[in-house]
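Fold and contact review
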Amino acid sequence: MDVKSNIINALKEVIYKEVGKDIEIKLEKTPNLELGDYSVNICFRLAKELKKNPKTIAEEIVEKLKSMNIEGVKEIKAVNGYINFYIDYNKFAKNLVKEIDNKGNDYGRGNKKGIKIILEHTSANPNGPLHIGHLRNAIIGDCLKRILEFYGYDVETHYYVNDMGRQMALVVYGIELFGLDKEKKKDHAIAETYVKINKYLEEHPEEEEKILELMREYEDALEKNENNEITKKFEFAVNYALDGIKETLKNLNIKHDIFVWESSYVRNGMVKEVIKKLMETGKVVKEETYMLDLSDFGIEKKMVLARANGTSLYSTRDIAYHLDKLSKCDIGIDVLGADHKLTAEMVKAALKLLGSKVPEVIFYEFISLPEGSMSTRRGRFISADELFDEALKRAKEECNKRGVEENIAYDIGLGAVRYNIARISPEKPMVFKWEEALDFEKVGCPFIQYAHARCCSILKEAENKGVKDEAVFNYELTKEEKELIKMLDEFKEIIKESAENRKVHVLANYLLELAKAFNRFYANCPILMTKVDDNVKKSRLKLVKSTKTVLETGLRLLGINCPGRM
RNA sequence: GGACCCGUAGCCUAGCCUGGAUAGGGCACCGGCCUUCUAAGCCGGGGGUCGGGGGUUCAAAUCCCCUCGGGUCCGCCA
């Protein structure tokens with residue numbers, strides 16, 4: 001049993017005797033080590049119930065706790081109503097470090113839960129390259145997949161390909177009129193054509209009919225499950241764009257398990273089936289077209305189920321997709337831009353009507369440019385490729401400046417891009433600024449990678465000197481060592497919190513804190529210096545090794561590599 | 001008009017769900033630290049009406065109400 005559980009159990013026991021019921025106890029870190037290592041503020045909450053002041057309650061509880069001799073606890077103090085615990089670091093450190101040693105990169109891993117999650121993310125329209133807004137989606141999604149898997153879920157990632165929208169018909173028509181620039185990266189070539197056709201249609205609005213015609217023909221063919229000239233044109237265009245998008249994702253260390261085409265739900269008849277079933281609920285009203293009344297779910301706006309010309313709409317097809325997806329997993333998670341909030345609510349309501357479970361949705365706010373929001377149609381966006389290329393270029397420059405081999409530049413560039421997005425909580429709107437996205441001197445991923453590289457270099461040096469790591473810890477630890485040990489221990493809780501709350505930034509911010517704790521330890525506690533006592537040397541080396549392991553695991557969960565030198 | 005998100009030093013950000021000890025970081029600015037483990041680092045300093053106003057509470061950045069500013073969404077786009 002670990003110290004923290006011992007403390008909680010003892011507290012529960014004492015408090016149960018006091019008030020006759022179980023009370024949830026949260027052990028917190030103290031603001032500083034003079035106040036102990038962990039504390040609880042439970043006495044404030046008990047004050048009213050026991051009709052005593054918190055200070056007295058704390059003192060009484062402390063007396064009782066002391067007589068219990070909690071294993072691993074050195075001292076307990078009552079301070080102004082708080083109960084502060086001082087732990088026996090020698091024991092704590094030894095246990096922790098052994099645990100990390102035994103488990104290695106599995107330290108912090110959760111038990112297999114036997115729960116399948118389908119996580120949909122990115123799902124950008126194949127009418128151009130991913131821009132930095134899509135990138136936020138992709139990075140949150142990919143990190144989340146890694147974290148959820150590590151926590152013990154069985155996770156499958158989906159990229160939902162919107163191949164049936166107006167924007168795809170535009171691309172197809174555009175390719176016919178203008179072709180594609182074969183010199184360009186495929187998704188960028190598609191975007192170029194897409195911009196051209198949009199401009200062209202503005203000048204020739206009479207050709208709008210051709211687009212609608214294309215969409216009708218495509219849907220007709222799909223409904224008959226045919227493969228003809230039209231479907232081939234769409235497939236070509238979609239795949240052309242997807243090839244480029246996949247390349248970008250690969251560069252960013254992002255991989256989807258499955259690409260699901262929207263059209264497949266028209267082909268297999270599920271869209272028709274969904275509309276039919278929704279009709280049967282009696283919630284469909286006929287206006288200019290068929291509308292779904294969702295007022296039972298607190299949604300005032302009705303949901304349009306099809307166009308007046310009979311063709312299906314994105315939202316209807318999305319219901320079919322979700323129905324299918326959710327039947328194949330225990331939990332469905334979608335990562336979506338905040339602009340989808342209302343439609344996501346509508347889809348959920350429709351799914352409930354059909355007796356299906358509903359997805360969890362993680363929303364993120366937009367990344368905008370200082371001059372305003374991005375637009376693929378107007379060609380006003382910063383592509384993920386552009387950002388990544390710049391990051392790579394900048395990383396190389398930094399490497400050269402510092403005399404480090406350029407081959408780690410990929411790791412640094414990738415880390416900078418992924419980390420800068422992963423660390424911000426998703427509900428925060430972001431304004432993209434080049435100098436912020438690319439500034440490696442500032443704290444961010446390089447700081448964490450640097451701490452890791454330091455660990456590596458110390459371990460190497462130890463090997464050269466023939467110093468073995470060993471969890472002795474038979475001396476009074478410095479405050480830097482204590483802080484570091486507590487941080488290393490916290491990793492398990494961070495994984496749990498990050499996974500259960502689906503919050504990637506929690507892990508990202510933790511890693512920065514861990515790196516900071518390590519750097520302080522490094523600066524203040526000599527490790528391999530000759531004057532250092534052997535037991536101290538061995539123990540500290542163990543801490544270095546443990547830190548390296550946790551940093552490595554943590555960064556890997558963010559999809560970031562850690563170079564051994566930098 | 002209705003709904004949702006954001007507002008924390010010059011700039012960026014954590015904490016808000018689950019209320020508690022002097023609101024954590026970082027950038028920028030000022031001053032220190034490389035004659036034994038990597039200075040992409042460490043230590044110190046200045047800088048805060050937690051947008052504003054009410055309320056609940058022993059205690060509010062955190063919960064509730066109102067309000068201001070920014071963003072987003074609101075039937076045949078995706």
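Rules and cut-offs
Residues numbered from 1 in each chain as written. Chains lettered and ligands numbered in written order. Predicted model: local features only at pLDDT ≥ 70, side-chain atom pairs only at ≥ 80, totals over all residues. Heavy atoms only, no water. Helix = DSSP H or I, 4+ residues; strand = E, 2+ residues; numbered from the N terminus. Contact = heavy atoms within 4.5 Å. Expected span 1.5 Å × (residues − 1). Buried < 20%, exposed > 50% of the residue type's maximum accessible area, 1.4 Å probe, protein only. Arc of directions from axis to C-beta. Near = heavy atom within 4 Å. Polar contact = N/O pair within 3.5 Å; in protein donor to acceptor, adjacent residues only side chain to side chain. Domains from an automatic or database assignment. Pairing = 2+ DSSP bridges. Axes fitted to C-alpha atoms, helices over the stretch in contact; angles between N-to-C directions. Phe/Tyr/Trp six-rings, centres within 6.5 Å; stacked < 30°, edge-to-face > 60°. Core = buried A, V, L, I, M, F, W, Y, C linked by side-chain atoms within 4.5 Å. Salt bridge = Lys/Arg side-chain N within 4 Å of Asp/Glu carboxyl O. pLDDT = per-residue confidence, 0-100.

1. Quick word on the overall build of chain A
- When helices and strands are tallied, chain A shows 20 helices and 14 strands.
- A separation of at least 24 residues holds for 76% of the contacts in chain A among residues at least 6 apart in sequence.

2. Some details on helix H3 (residues 54-68)
- Compared with an ideal rise of 1.5 Å per residue, which puts 15 residues at 21 Å, H3 spans 21 Å between its outermost C-alpha atoms and is within 8% of the ideal.
- Buried residues of H3: Ile 57, Ala 58, Ile 61, Val 62 and Leu 65, and no others. The buried residues of H3 all sit within an arc of 135 degrees when viewed along its axis, so they share a single face. The exposed set on the far side of H3, more than 90 degrees from its buried face, consists of Glu 63 and Ser 67.
- Where H3 is buried, its residues touch helix H1 (3-19), helix H2 (42-50), strand E3 (73-79) and strand E4 (82-87).

3. Looking at the protein's contact with RNA strand B
- Near RNA strand B lie 65 residues; those nearest to it are Tyr 82, Met 291, Tyr 450, Ser 457 and Lys 516.
- Take the atoms of RNA strand B that sit within 4 Å of the protein: sugar and phosphate atoms are 62% of them.
- Between a base oxygen of RNA strand B and a side-chain N or O atom of Lys 26, the distance comes to 3.4 Å.
- The separation between a phosphate oxygen of RNA strand B and a polar side-chain atom of Arg 454 is 2.7 Å.
- Where the surface near RNA strand B is concerned, the elements lending two or more residues are H2, E4, helix H6 (166-178), helix H13 (341-353), helix H17 (445-465) and helix H19 (504-524).

4. Brief notes about the domain arrangement of chain A
- Along its sequence, chain A is carved into domain 1 (3-87), domain 2 (121-368) and domain 3 (384-557).
- A separation of 54 Å is found between the C-alpha centroids of domain 1 and domain 2.

5. Observations regarding unusual backbone geometry
- The residue Lys 51 is not glycine, and still its phi comes out positive at about 55 degrees.
- Residue placement: Lys 51 occurs in the loop between H2 and H3.

6. Points about the sheet that holds strand E11 (residues 331-337)
- Read across the sheet, five strands follow the order E7-E6-E5-E11-E12 without closing on themselves; strand pairing throughout is parallel. The open sheet is flanked by strand E7 (258-261) and strand E12 (360-364), the only strands paired with a single partner. The sheet shows a mean angle of 25 degrees between the axes of neighbouring strands, taken without regard to direction.
- In this structure, E11 lies alongside E12, joined through five bridges in parallel fashion. The residue bridging Val 335 from the neighbouring strand is Ile 362, located in E12.
- Each of strand E5 (116-120), strand E6 (154-161), E7 and E11 is contacted by helix H12 (residues 314-327), which is oriented at about 160 degrees to E6, the strand it contacts most.

7. Notes on the environment of Met 566
- With respect to the helices and strands, the residue Met 566 is situated in the segment after helix H20 (534-557).
- For the pair Met 566 and Glu 406, spaced 160 residues apart in sequence, the C-alpha to C-alpha distance is 9.6 Å.

8. A look at the environment of Ile 139
- Here Ile 139 lies in helix H5 (residues 132-151).
- On the basis of relative accessibility, which here comes to 0%, the residue Ile 139 falls in the buried class.
- Distance from Ile 139 to Ile 421, taken between C-alpha atoms, is 7.2 Å for residues 282 residues apart in sequence.
- Ile 139 has contacts with Ile 254, Val 417, Arg 418, Ile 421 and Ala 422, leaving out every residue within four places of it along the chain.

9. Quick look at H1
- For H1, with 17 residues, the first-to-last C-alpha span of 24 Å sits near the 24 Å given by 1.5 Å per residue.
- Along H1, the residues that are buried comprise Val 3, Lys 4, Asn 6, Ile 7, Ala 10, Leu 11, Val 14, Ile 15 and Val 19.
- Once H1 ends, the next one or two residues include Gly 20, with phi positive near 75 degrees.

10. A word on the sheet that holds strand E10 (residues 303-304)
- Strand order in the open sheet made by the three strands is E8-E9-E10, with antiparallel pairing throughout. Each of the sheet's edge strands pairs with one partner strand only, and the pair in question is strand E8 (284-286) and E10.
- Of the pairings in the sheet, the one linking E8 to strand E9 (residues 290-292) comprises three bridges and is antiparallel in character. Considered in E9, the bridge of Val 285 is made with Met 291.

11. As for the packing of aromatic side chains
- Throughout the structure, instances matching the rule amount to 16 aromatic pairs.
- Ring centres of Phe 44 and Tyr 82 lie 5.2 Å apart, and the angle between their planes is 70 degrees; on these two criteria the pair is classed as edge-to-face. With Phe 44 in helix H2 and Tyr 82 in strand E4, this residue pair connects regions lying 38 residues apart in the sequence.
- In this structure Phe 44 comes out as partly exposed when scored by relative accessible area, which is 39%.
- Pairing Tyr 151 with Tyr 153 gives two aromatic rings, centres 5.9 Å apart and planes at 55 degrees, and the pair type is tilted. Just as Tyr 151 is buried, Tyr 153 falls in that class too.

12. Overview of the side chain of His 505
- Summarising the element assignment, His 505 is placed in helix H19.
- With residues near it in sequence (within four places) discarded, His 505 still touches Ala 422, Arg 423, Ile 424, Ser 425 and Pro 426.

13. Let's talk about the nonpolar core
- With 183 residues, the main nonpolar core has Leu 11, Ile 61, Leu 65, Ile 83 and Leu 507 as its most contacted residues.
- At 12 residues, H19 tops the list of elements feeding residues into this core.
- Every residue in contact with Ile 61, bar those within four places of it in the chain, is listed here: Leu 11, Val 14, Ile 15, Cys 43, Leu 46 and Ile 83.
- If you look at the next biggest cluster of nonpolar residues, it comprises eight residues, including Ala 395, Cys 399, Ala 409 and Ile 412.

14. Here we look at the pattern of salt bridges
- Within the structure shown, the criterion is met by 54 salt bridges.
- In the salt-bridge network here, residues are joined through shared partners; they are Lys 4, Glu 99, Lys 103, Asp 489, Lys 492 and Glu 493.

15. Remarks on the confidence of the model for chain A
- Here chain A averages 94 in pLDDT, while 99% of its residues score no lower than 70.
- Scored by ipTM, the complex comes to 0.96, with pTM at 0.96.

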